[in-house]
Amino acid sequence: MMLAYKLKIGDTVGIVSPSHIASVERYGRIIAKIKSLGFNVKTGENIYKSTYGYLASEAERAYDFNKMILDDTVKMIFFGGGSGAIELLPYIDYAAVKRNPKIFLSYSDGTSILNAIYSKTGLITYYGQTPGDFEDLRYYTYEQFASHFLLGNAETFVSNSEWYSLYDGICEGTLIGGYTLNFALLLNSCYFKLQNKYVLFLEDHEKFNDVATVSMFLSHIEQNEFINRVSGLIFGHYSEIINQDLMERLKRFGAKHNIPVAYCDDFGHGTNHAILPIGKNIVLNTIAKTLKFVNEE
């Protein structure tokens, strides 16, 4: 396991766009906000390109990503969601990541890259925030950012929502997961190898997928040998009002595999953007409604 150095005020954040075409106007506001917090910002040369109409080419996006990896002045690589990140997995310079570990932060479609980097290098990556969250920065979002990357004092997950224990229990393992579709696509991929006992986190949203589709992704996960390594599940924000069909599906997931399952609104495509470190050992207690990070020497 590798851990990147903490950020310092004055460090450079590199912004790339593996999954969407960035808007000059919107990203101008995002960059201005990040700079106002005391950081320098570099952007990929191709983030505004639309070579394919819907995205820049794989070569253009991979060029931006690897250039940020190789740039010693860049301490964090920050990117958002969309569709297409999985196309970059064969082109990422994983050897350079191992030589020069830095913070990788994203969510949603970024699931593919974050998990692949952890799996291929052992570097802890971070799920839960996107550059777009800094356009209208909320207190909880910045609090999470600061505790993980500036202060380095995130020992216990800090919640900003009600937790529901859908199958009671206590479990531990390596934290792994992300957006349900992207994580399901990683299974059996050469960019994700099974190594440990895992506590799985997943999230989805009703504006993208109905419960039947989420259930399909969960079934795909259940039908893979990966499920035998899963010791617990925490599911993030899905809808503004609790969806009982989803809650029942998650209860069945816990009962079928006899593992603790919890639901909360702390991460995902909602207003709360907690950070979850992929590759960190954690203890999940759905009865006490806590998630604790295990410090390792």
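Details of the structure are given in the entry above.
As the structure is a prediction and not an experimental result, all values here were calculated from the model. (Residues numbered from 1 in each chain as written. Predicted model: local features only at pLDDT ≥ 70, side-chain atom pairs only at ≥ 80, totals over all residues. Heavy atoms only, no water.)

> Mind laying out the packing of aromatic side chains, listing which residues take part and the relevant values?
Counting across every chain of the model gives 22 aromatic pairs. Summarising the aromatic geometry, the rings of tyrosine 107 and tyrosine 127 are spaced 6.3 Å apart at their centres and angled 50 degrees between planes, so their arrangement reads as tilted. Separated by 20 residues along the polypeptide, tyrosine 107 in the loop between strand E4 (103-106) and helix H4 (111-121) and tyrosine 127 in strand E5 (residues 125-127) bring together distant segments of the chain. Neither residue differs from the other here; tyrosine 107 and tyrosine 127 are each classed as buried. (Phe/Tyr/Trp six-rings, centres within 6.5 Å; stacked < 30°, edge-to-face > 60°. Helix = DSSP H or I, 4+ residues; strand = E, 2+ residues; numbered from the N terminus. Buried < 20%, exposed > 50% of the residue type's maximum accessible area, 1.4 Å probe, protein only.)

> Summarise the sheet that holds E5; cite the residues concerned and give the values.
Taken in spatial order, the 6 strands make up an open sheet running E2-E1-E3-E4-E5-E11, and their pairing is mixed. Since the sheet does not close on itself, it has two edges, and those belong to strand E2 (40-43) and strand E11 (276-278), each with one partner. Between one strand and the next, the sheet's axes are offset by a mean angle of 25 degrees, whatever the strand orientation. Bridge analysis of E4 against E5 gives 2 bridges, and the strand direction is parallel. Opposite leucine 105, over in E5, you have tyrosine 126 as the bridge partner. Strands in contact with H4 are E4, E5 and E11; relative to E5, the strand with the most contacts, it is inclined by about 155 degrees. (Pairing = 2+ DSSP bridges. Axes fitted to C-alpha atoms, helices over the stretch in contact; angles between N-to-C directions. Contact = heavy atoms within 4.5 Å.)

> An account of the nonpolar core is needed here, citing residue identities and associated values.
If you look at soluble globular proteins, the nonpolar side chains tend to sit buried side by side. Phe65, Phe104, Phe183 and Phe226 are the most contacted members of the largest nonpolar core, which has 97 residues in total. Among all residues touching phenylalanine 183, those that are not within four sequence positions of it are Thr111, Asn115, Ile176, Gly177, Phe192, Leu200, Leu202, Ile221 and Phe226. (Core = buried A, V, L, I, M, F, W, Y, C linked by side-chain atoms within 4.5 Å.)

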